[in-house]
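# Coordinate inspection notes
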Amino acid sequence: MTSPAVTIRVATPADVEALLAIYAPYVENTAITFEYEPPTLEEFRSRLRRTLERLPYLVAEIPQADGAPAIAGYVYASPFKNRPAYDWAVETSIYVDAARRRGGVGRALHNALEACLAAQGILNMEACIAMPPNDQDEERLTCDSARFHARLGYRLAGRFMQCGLKYGRWYDMIWMEKIIGTHAPDAAQPRPFPELTAEELAACGVRM
């Protein structure tokens, strides 16, 4: 369940500046993402719009001291692969403001995302996670994301060795997977996210 202090809603293009402010430090200061430069506002806005055509893009808001809401993190799903046979699987991404980590924001975001994906008919959640050499925490990259996903019920599905170069260091990448539905041979085609009703979103802990 979402903490009463955290509100989850669907992202809008008006959120892009706040979302990019959360994401940019991960690009500039960590190996959590393998991007070298933060995207422009225009590119980030385009990414958000493309995602929302079929899949969830959610933000978490926490009230500030004056009561006004502030975005504390975001989560979204991307197509796992473009072939139609992969339509029941998605790749997930989650970013929390560094000042809000370990406060329940990430779990609240993930729970809402999982509920929305299940309502759509998605069956597999796949997480692509950068890992430091020998799984030893270091300044720019720890194993925290793998630990976080394991607590949420993901299992290790595979590992690619030294496949990403950033800051002059080679990093591994692992895939972790969570199954959230039944793999029937006659599985219905997943519904696009925009087709979920306000009532269905509310049942997922999400507001518009």
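Just above sits the structure.
I will try to describe carefully the structure that is included in this document.

Procedures and definitions
- Within every chain, residues take consecutive numbers counted from 1 along the sequence as written.
- Owing to the predicted nature of the model, reporting of local features is limited to residues with pLDDT of at least 70; listing and counting of side-chain atom pairs is limited to 80 or more, with chain, interface and lining totals taken over all residues.
- As a convention, hydrogens and water are excluded, and side-chain values are obtained from all of the structure's heavy atoms.
- Secondary structure elements follow DSSP: runs of H or I of four or more residues count as helices, runs of E of two or more count as strands, with numbering from the N terminus.
- Summary of the burial criterion: residues with accessible area below 20% of their type's maximum are buried, those above 50% are exposed, and those between are partly exposed, where the area comes from a 1.4 Å probe applied to protein chains only.
- We call two strands paired when DSSP finds no fewer than two bridges between them.
- The axes are straight lines fitted to the C-alpha atoms, using for helices just the contacting stretch, and the angles between their N-to-C directions are given from 0 to 180°.
- Residues are treated as being in contact if the distance between any of their heavy atoms lies within 4.5 Å.
- Take the residue count of a helix, subtract one, and multiply by 1.5 Å to get its expected span.

## Focus on the environment of Gly-67
Residue placement: Gly-67 occurs in the loop between strand S2 (57–63) and strand S3 (69–79). According to the relative accessible area criterion, Gly-67 is partly exposed, its value standing at 48%. Separated by 100 residues in sequence, Gly-67 and Tyr-167 place their C-alpha atoms 40 Å apart.

## What to know about the sheet that holds S2
Taken together, the seven strands give an open sheet; going across it, the order is S1-S2-S3-S4-S5-S7-S6, and neighbouring strands pair in mixed fashion. Edge positions in the sheet fall to strand S1 (7–10) and strand S6 (155–166), since each of these pairs with one other strand and no more. Sheet twist, expressed as the mean angle between neighbouring strand axes with direction ignored, is 30°. Across the face of the sheet, helix H2 (residues 41–52) comes into contact with S1, S2 and S3 while running at roughly 115° to S2. Each of S1, S2, S3, strand S4 (89–96), strand S5 (124–131) and strand S7 (169–179) touches helix H3 (residues 105–120); the most contacted strand, S3, lies at about 40° to it.

## Remarks on unusual backbone geometry
A positive phi angle is found at Gln-162, which is not glycine, with a value near 45°. As for its placement among the helices and strands, Gln-162 is situated in strand S6. Not every positive phi belongs to a glycine, and Tyr-167 is a case in point at roughly 60°. Examined against the element boundaries, Tyr-167 turns out to sit in the loop between S6 and S7.

## Some remarks on the pairing of S7
A large share of S7 lies buried, amounting to eight of its eleven residues. Relative to S7, S5 is paired through eight bridges, and the arrangement is antiparallel. Its bridge partner lying in S7, Met-131 is registered against Asp-172. Relative to S7, S6 runs antiparallel, the two being bridged by eight bridges. The residue bridging Gly-164 from the neighbouring strand is Tyr-171, located in S7.

## Some thoughts on the side chain of Thr-51
The topology assignment puts Thr-51 in helix H2. Residue class for Thr-51 comes out buried when judged on its relative accessible area of 14%. In this view, Thr-51 contacts Pro-56, Tyr-57, Tyr-76 and Ala-77; residues no more than four positions away in its chain are not counted.

## Details of H3
For H3, which comprises 16 residues, the first-to-last C-alpha distance of 23 Å matches the rise-based estimate of 22 Å (1.5 Å per residue) to within 8%. For H3, every residue scored as buried is listed here: Val-105, Gly-106, Ala-108, Leu-109, His-110, Ala-112, Leu-113, Glu-114, Cys-116, Leu-117 and Gln-120.

Functional significance is not addressed by these values, which are geometric in nature.
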